[in-house]
Amino acid sequence: MEDGVSQIDDESFFLSKDGKTDAKSELNATIDSLLNETHFDDNATACRFPARAAWLKEELVDIELPKVTCSEYDKILSRLNPKSVTLVFPSAHINSPASMFGHTFLRINSQYDSKLLSYAVNYAADANPDKENGVVFAIKGLFGGYFGKYSLLPYYDKLKEYRDSEQRDIWEYDLDLTQEETLKMVRHIWELNDTHSYYYFFTENCSYNMLWFLESARPSLDLRQYFTYQVIPLETVHASKSENIIKDSSYRPSKRTLLLKYEELLDKKNIAFPSMLIKSKIAPTQIVEDTKIETQQKMYIFEAAIELLEYNFSKSKITKERYLELFHSLSKERASLGLGEKIEIKTPNNPLQSHQAIRAMIGLGAKEGKSIQYLGVRPAYHSLEDSNYGFLRGTQIEFLNLELSYSEHKVEVEDATILSIVSIAQRSYFFDNLSWRTKFGWDRDSLDSSANFTGTVGIGLSWGNELGYSYIMADPLFYLDDGFKSAIGSSIGFVFDKYNNINTKIELTKRWYDVGEAQNLFEFSQGFRLSKNTQLRFNYDYKQRDNRAKEKLERTIKCYFNYYF
């Protein structure tokens, strides 16, 4: 319970009519129901609430509860065979605003060596963001417009969903819970089966409910103490580390990562063959019989074709019958080539070592020869100018970012961002993603030098390599400056992120305003990662102004120290 009120909203979870708000009443009702069973099958209180029954036996050693037969619970328990627990973190989905924070769920490990045979415990909003209006989905998710739904399903199904269909790399963090603690958690999960609670995107979300499960397994844990106003999936991983319950980690690359690796391995003259094979523009035997293609290259072609085929099937781009037919023929020809080199996927930087969500900032600078000081705070989460260590390349979510300046005895708002989302998705031969970004809030990038409310939604293209990536964007925008005004912006940018502790961002923007004026903006940012949660950053900004501003050209040099917690 939180402040004396249970966060379960389903009446069926409580045995007392006041159980949601009165823990003592619920305890008395539970004891009475357990001692005076009226059903002795799956409908028995002890079968519906095994965690409560087990807790009561621990607290009252001499108590004798009626014998009941819990067929369904015993069957699930036998299937799960719970031994240990793994916290699973699917990283951000680069082109889905609803998934750019990532996600967490739990895996219940059994005695089997293959983790694919384990089961996953998941909590999510009972809604489909792909079939609902994006704005409606966001608003309902923020204000509890959906019920949260628990699910228990094979781990390989969750992998297909996140790793294959949604192009998300998977990080697995093994926890040091004992077998008995794991069983205690499973009992709690069973009690919540078929119940619901209101889902809140920032608070009572997927990750928050996983914290409850872990605390039920080991009551001495206090994972929720780390969160007040928001529960970000990656932050729950950091909290687990702070509580010293993570003992090991492992990485599973997504289909996207695998296909990008094959793009590196395939010769340019051969890179079109995988797509041609799954589109039946060329027969598999033609590849096998082509003496001009090296044997190892033939292996890569078929392997990439199979991965691309599976990816297209997961996205419903091909029928099941056609998928099975092509999969059989491609696998048969690949097998005929014998064993080849196993591809090596480099493990990226572990998100566990990335900076945390809240950023406090202090800075010094000079604007047209005048000294200026800066102070800022951002509750969430990550920007392109922050260190990219452990984050998905090209992604940004900033929420309620506030930056103040002090100069000539005046305090002014430099930036007050309500929400900023950026998805710079690099295009490749197998992936033709579009990039996009949006921002709503106050800034000083308009024609005059005051802070105006601005809204923008842009779209563009991006390409990258191991050094970094470039992008071009078109950004229609509006702003409020003594009335509603609009403009169209065009930007070209470069981000260099090859080295773990250094990141560079350069962006040049041209804006054409409806008042007939044009404006050039230039931004240069150089960041140095000093430690996991500290960064030193230098910025240079160049802004053209109109006649209302004191200066036609505004040049600012800044030095920031960022601390994340």
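Here the structure is shown first, and the text comes after it.
Undergrad: Quick rundown of the sheet that holds strand β4 (residues 146-154)? Include the residues and the values.
TA: Here we have seven strands laid out as an open sheet, ordered β6-β4-β3-β2-β1-β5-β7, and antiparallel in their pairing. If you trace the sheet from one side to the other, it starts and ends with β6 (196-199) and β7 (246-252), each paired once. Across the sheet, the mean angle from the axis of one strand to that of its neighbour is 30°, orientation sign disregarded. Note: β4 against β6, four bridges, orientation antiparallel. Looking at β6, one finds that Gly148 is bridged to Ser197.

Undergrad: Please give an account of the environment of Ala217 that cites residues and values.
TA: Looking at where Ala217 falls in the secondary structure, it is placed in helix α8 (residues 206-217). Those residues in contact with Ala217, other than ones at most four positions away along the chain, are Leu177, Glu181, Lys184 and Met185.

Undergrad: Lay out the packing of helix α10 (residues 255-265) against helix α13 (residues 295-314) with the relevant residues and their values.
TA: Where α10 contacts α13, the axes come no closer than 10 Å and their chain directions differ by 155°. Between α10 and α13, the crossing angle belongs to the class labelled roughly antiparallel. The handedness of the crossing between α10 and α13 comes out as left-handed. Residues Lys255, Leu258, Leu259, Tyr262 and Leu265 of α10 lie in contact with α13, whose contacting residues are Gln297, Tyr300, Glu303, Ala304, Glu307, Leu308, Glu310 and Tyr311. Across the contact of α10 with α13, the residue classes break down as eight nonpolar, one polar and four charged.

Undergrad: I'd like a description of helix α1 (residues 23-35), backed by residues and values.
TA: Between its first and last C-alpha, α1 extends 18 Å over 13 residues, near the 18 Å set by a 1.5 Å rise per residue. Here the buried face of α1 lies against α2 (45-48) and α3 (50-59). In this structure Asp22 caps α1, since a side-chain oxygen of it lies 3.2 Å from the backbone nitrogen of Lys24.

Undergrad: How would you summarise the state of the cysteines if you had to cite specific residues and measurements?
TA: Chemically, a disulfide is nothing more than a covalent bond linking the sulfur atoms of two cysteines. Taken as a whole, this structure holds one disulfide when the rule is applied. Disulfide partner of Cys47: Cys70, at an S-S distance of 2.0 Å. Of note, the bridge from Cys47 to Cys70 carries an S-S torsion of about -85° and is left-handed in sense. Of this pair, Cys47 sits in helix α2 while Cys70 is found in the loop between α3 and α4 (71-80), placing the two residues 23 residues apart along the sequence.

Undergrad: Just give me the short version of the packing of aromatic side chains, but keep the residues and values in it.
TA: Going through the model one piece at a time under the given rule, you end up with 30 aromatic pairs. One aromatic cluster is present, formed by Phe101, Phe201, Phe202, Tyr381, Phe391 and Phe399 through successive ring pairs. The ring of Tyr155 has Arg107 sitting right over it, with the charged end atom 4.9 Å from the ring centre. Just above the ring of Tyr389 sits the side chain of Arg529; from NZ or CZ to the centre is 3.9 Å.

Cut-off values and rules
- Residues numbered from 1 in each chain as written.
- Predicted model: local features only at pLDDT ≥ 70, side-chain atom pairs only at ≥ 80, totals over all residues.
- Heavy atoms only, no water.
- Pairing = 2+ DSSP bridges.
- Helix = DSSP H or I, 4+ residues; strand = E, 2+ residues; numbered from the N terminus.
- Axes fitted to C-alpha atoms, helices over the stretch in contact; angles between N-to-C directions.
- Contact = heavy atoms within 4.5 Å.
- Parallel < 35°, antiparallel > 145°, perpendicular 65-115°, else oblique.
- Left-handed = near helix turned anticlockwise from the far one by under 90°.
- Nonpolar A, V, L, I, M, F, W, Y, C, P; charged D, E, K, R; others polar.
- Expected span 1.5 Å × (residues − 1).
- Polar contact = N/O pair within 3.5 Å; in protein donor to acceptor, adjacent residues only side chain to side chain.
- Disulfide = S-S within 2.5 Å.
- Phe/Tyr/Trp six-rings, centres within 6.5 Å; stacked < 30°, edge-to-face > 60°.
- Lys NZ or Arg CZ within 6 Å of the ring centre and 35° of its normal.

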